[in-house]
Amino acid sequence: MLSDKKIVLGVCGGIAAYKCADLVSRLVKEGAKVKVVMTKSAQEFITPLTFQTLSNNRVITDLFAEPQNWEVEHISLAQWADCLVIAPATANVIGKLAAGIADDMLTTVVAATKAKVIIAPAMNTNMYNNRIVRKNIDYLIDMGYLFISPAEGRLACGDEGLGRLEEPGNIVEFIKRVFDKGEDLKGKTVLVTAGPTREIIDPVRFITNGSSGKMGYAVAEAAVEQGAKVILVSGPTTLTPPQGVELVKVTSAREMYEKVMEYFPLCDIVIKAAAVSDYRPVNVSSQKIKKTHDNLEIKLERNPDILYELGKLKTKQILVGFAAESTNIFEYAKEKLEKKNLDLIVANDITRDETGFSSDTNAGFIMDRDFSMENIPKMSKHQMADVILEKVKQLIK
Ligand code: CTP
């Protein structure tokens, strides 16, 4: 339910604007208080009266209209909102938001709000795939805006493809999930490690692995969303760090070890998603190694097992490890859980495409200290991050 949640719905000028009548009606039925802001072009598609009747509130259309109460309306609306939803979001409005333009009621409210902003785009497929539009969307995601991807189907212009406004029922479910996350981890400090490590051989070569860092970054983002203070110790990745984390960049396993040890005493929860290199070259050449006719042998020595060391030191902390395996997943996960003194271990099969290092999805199981297991079906790494944090919260309780 969305009982008493205050939602500002920004309707833009797209043919899907009519679907927002259904959206408002559903939100009101869920118990939400809805105030609708319409852009000038939205009013060409649907009248304010429709939304006024459905929301039981005056519809705001003009930045310079005489306010009903003597307050600055875009600021009061921005403060009133628990959440702002923009649907259908046009390429124009997405572009304005990405550029920081605030020239009408909707864009000024977005600029002034501290509430979560959820954007549901709808437009022609080619417009949606336009590189500038995609770049703007990526940028807004990096800035912490949430996006509801459009659905595929027949578009009003006659084209088939991606671009239809997501169904109002699904938009409502998305909004509910955003509110459900709550602030359960408020006051907690979470240390997340992510990505691969890099062990230098010479100025141009190194040993690494295929970890993308996506799982760890998703966990860090989910923990921030739930109110935690998050320290993300990350090996080299191409990912943009989630908003609100304290990012600590490292390269080698030893650097990761040092940083993790430094922050560990401050932490309540440690989630070690990084794929740490177990070995490093004994000798690092300061010059590029030249080839010869002979075979080359590189002698490797052991890196510290960071998680094992944390397991020995742990006092109040909850320790979560990962087991990325290609065989005997259950046995190895159990062994790692015991040996490293973990509270939870998340195990997955890295040989499968949809659960591999660079995939956006994952699947596997999560095992606790009693070796009881919860199966995790295939889901996005973001959803999996929520599942892991849910388990951690149960342990804290
Ligand atoms: N880990 C760590 N330090 C290492 C190696 C692993 O902290 N030097 C952590 C990983 O971040 C992960 C867990 O230990 O949470 C298991 O890592 P994994 O690579 O699956 O296993 P290993 O312990 O390295 O064992 P093996 O390589 O033999 O499977």
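Each remark here, short or long, concerns the structure printed above.
Per chain, the residues get numbers from 1 upward, laid out in the order the sequence is written. In view of the model being predicted, local features appear only for residues whose pLDDT reaches at least 70, and side-chain atom pairs are presented and counted only at 80 or more, with totals across whole chains, interfaces and linings using the full set of residues. Excluded from the side-chain calculations are hydrogens and water; all other atoms, namely the structure's heavy atoms, are used.

Chemist: Would you take a moment to explain the overall build of the protein chain for this structure?
Modeler: Here a helix means four or more residues in a row that DSSP labels H or I, a strand means two or more in a row labelled E, and each is numbered from the N terminus. Summing up its helical and strand segments, the protein chain has 14 helices and 19 strands in all. Once the C-alpha set of the protein chain is aligned to its principal axes, its extents read approximately 80 × 55 × 40 Å. In the protein chain, which comprises 397 residues, the proportion classed as buried is 49%. Between two residues, a contact is recorded if the distance between any of their heavy atoms is within 4.5 Å. Taking all contacts inside the protein chain whose residues are at least 6 apart in sequence as the whole, residues at least 24 apart take part in 67%. Once the 50 positive and 51 negative side-chain charges of the protein chain are each reduced to a mean point, those two points are 2 Å apart. Note on classification: 1.4 Å probe, protein chains only; a residue is buried when its accessible area is under 20% of the maximum for its type, exposed when over 50%, partly exposed between these limits. Just so you know, the count uses Lys and Arg for positive and Asp and Glu for negative, and it drops His and the chain ends. Charged groups are reduced to one reference atom each: NZ for lysine, CZ for arginine, CG for aspartic acid, CD for glutamic acid.

Chemist: Sorry, what's going on with the packing of aromatic side chains here?
Modeler: The way to describe two aromatic rings as a pair is by their centre distance and the angle between their planes. Ring geometry is summarised as follows: Phe, Tyr and Trp rings, the Trp one being its six-membered ring, pair when their centres sit within 6.5 Å, and such pairs are stacked at plane angles under 30 degrees, edge-to-face over 60 and tilted between the two. Scanning the entire structure with this criterion turns up 0 aromatic pairs. In this structure, K5 packs its charged tip against the face of F179, placed 5.3 Å from the ring centre. Only when the NZ atom of a Lys or the CZ atom of an Arg is both within 6 Å of the ring centre and within 35 degrees of the ring normal do we say a charge sits over the ring.

Chemist: Whenever I open this one, the environment of T355 confuses me. Can you help?
Modeler: In this structure, T355 sits in the loop between strand 17 (344-349) and strand 18 (361-368). Residues T355 and D294, 61 residues apart in the sequence, show an inter-C-alpha distance of 39 Å. Beyond its immediate chain neighbours, meaning those up to four positions away, T355 contacts N348, D349, I350, T361, N362 and A363.

Chemist: When you look at the layout of surface pockets in this model, what are you seeing that I'm missing?
Modeler: One water molecule sets the probe size; rolling that probe over the atoms shows where empty space is left. Considered as a void within the structure, the second largest pocket measures approximately 960 Å³ in volume. Think of a 1 Å grid over just the protein atoms. A cavity is a set of points where a 1.4 Å probe fits yet cannot get out, a pocket is an open set with protein on both sides within 12 Å along at least five of seven lines, and lining residues have an atom within 4 Å of a point. Around the second largest pocket, the lining is made up of 42 residues, and of these A274, A275, V276, F322 and A324 lie nearest the centre. Listing elements by their share of the lining of the second largest pocket, those giving two or more residues are helix 10 (214-225), helix 12 (306-313), strand 16 (318-325), helix 13 (329-339) and strand 17. Charged means Asp, Glu, Lys or Arg here, nonpolar means Ala, Val, Leu, Ile, Met, Phe, Trp, Tyr, Cys or Pro, and polar covers whatever is left, Gly included. Split into classes, the residues belonging to the lining of the second largest pocket amount to 19 nonpolar, 12 polar and 11 charged. Grid points are joined across faces, edges and corners, and a volume is the space filled by probe spheres set on the points.

Chemist: Would you explain the site of the ligand in this entry?
Modeler: The immediate surroundings of the ligand are formed by 14 residues, with K272, A274, F322, K336 and K340 found nearest. N or O atoms closer than or at 3.5 Å make up a polar contact, with two conditions inside protein: a donor-capable atom paired with an acceptor-capable one, and, for residues adjacent in sequence, both atoms drawn from side chains. Within the side chain of D278, an N or O atom sits 3.0 Å from an oxygen atom of the ligand. Within the side chain of D305, one N or O atom sits 3.5 Å away from a nitrogen atom of the ligand. Accessible surface area values rest on a Shrake-Rupley calculation with a 1.4 Å probe, where residue burial reflects the displayed protein chains alone. Contact with the protein chains covers 77% of the free accessible surface of the ligand, which is 570 Å². According to the grid-proximity analysis, the pocket containing the ligand is the second largest pocket. Within the residue set of the shell around the ligand, elements represented by two or more residues are helix 12 and strand 16. Top contributing element to the shell around the ligand by residue count: strand 16, with 4 residues. Residue composition of the shell around the ligand, by class: 8 nonpolar, 1 polar and 5 charged. We call a residue near a molecule or strand as soon as one heavy atom of that residue lies within 4 Å of the molecule or strand. Molecule-in-pocket calls rest on the fraction of atoms, with more than half required to lie within 2 Å of the cavity or pocket grid points.

Chemist: Hey, could you run me through the environment of K96 in this one?
Modeler: When you line up the elements, K96 lands in helix 5 (residues 91-99). Separated by 78 residues in the primary sequence, K96 and Y18 place their C-alpha atoms 22 Å from one another. Beyond its immediate sequence surroundings of up to four residues, K96 is in contact with I101, D103, D104 and T107. A distance of 2.7 Å separates a polar atom in the side chain of K96 from a polar atom in the side chain of D103.

Chemist: Explain the state of the cysteines to me, please; I cannot follow it from the model alone.
Modeler: As used here, a disulfide is simply a covalent bond connecting the sulfur atoms of two cysteines. Sulfur atoms of two cysteines make up a disulfide when they are within 2.5 Å. According to the stated counting rule, one finds 0 disulfides in the structure shown. Free cysteine C12: the closest other cysteine sulfur is in C20, separated by 8.6 Å. Judged by relative accessible area, which is 1%, C12 ranks as buried. Overall, the relative accessible area of 0% leaves C20 in the buried class.

Chemist: How do you make sense of the pairing of strand 16 when you look at a structure like this?
Modeler: Regular strands have side chains that alternate between both faces of the sheet. Summarising burial for strand 16: 7 of the 8 residues are buried, a large majority. Strand pairing is defined by DSSP finding a minimum of two bridges between the two strands. Bridge analysis of strand 13 (residues 269-272) against strand 16 gives 4 bridges, and the strand direction is parallel. Across the sheet, residue K272 finds its bridge partner in strand 16, namely G321. As judged from the 6 bridges shared by strand 16 and strand 17, these two strands associate in the parallel manner. Bridge pairing links F322 to V346 in strand 17. Whether a crossover is right-handed comes down to one check: with the strands pointing away from the viewer, does the path from the first strand over the helix to the second run clockwise; if it does, it is right-handed. Taken together, strand 16, helix 13 and strand 17 constitute a β-α-β crossover, and its handedness is right-handed.

Chemist: I keep staring at the packing of helix 11 (residues 253-263) against helix 12 and nothing clicks. Help me out?
Modeler: Packed helices, taken two at a time, are described by the angle their axes make and the gap between the axes. Axis angles are defined between N-to-C directions and span 0 to 180 degrees, where every axis is a line fitted to C-alpha atoms and, for a helix, only to the segment in contact. The interhelical angle for the contact between helix 11 and helix 12, taken along N-to-C directions, is 25°, at an axis separation of 10 Å. With respect to each other, helix 11 and helix 12 are oriented roughly parallel. Between helix 11 and helix 12 the crossing geometry is right-handed. Residues A253, M256, Y257, V260 and M261 of helix 11 form the contact with helix 12, whose own contacting residues are I306, E309, L310 and L313. Relative orientations are named as follows: roughly parallel for angles under 35 degrees, roughly antiparallel for angles over 145 degrees, roughly perpendicular for angles from 65 to 115 degrees, and oblique for any other angle. Handedness of a crossing is defined here by the sense of rotation of the near helix relative to the far one, left-handed for an anticlockwise turn of less than a right angle and right-handed for a clockwise turn.

Chemist: Please explain the nonpolar core as it appears in this structure.
Modeler: Soluble globular proteins tend to pack their nonpolar side chains together in the buried interior. By nonpolar core is meant a set of buried Ala, Val, Leu, Ile, Met, Phe, Trp, Tyr and Cys residues that side-chain atoms within 4.5 Å join together. L9, V11, L27, V36, F51, I118 and I175 are the most contacted members of the largest nonpolar core, which has 34 residues in total. Of all elements in the fold, only strand 1 (6-11), helix 1 (19-29), strand 2 (33-38), strand 3 (83-89), strand 4 (116-121) and helix 9 (168-180) reach the threshold of two or more residues within this core. Looking at this core, the element that brings in the most residues is helix 9, giving 6 residues. Apart from residues no more than four positions distant in its own chain, L9 is found in contact with C20, L23, V24, V34, K35, V36, V37, V85 and A87.

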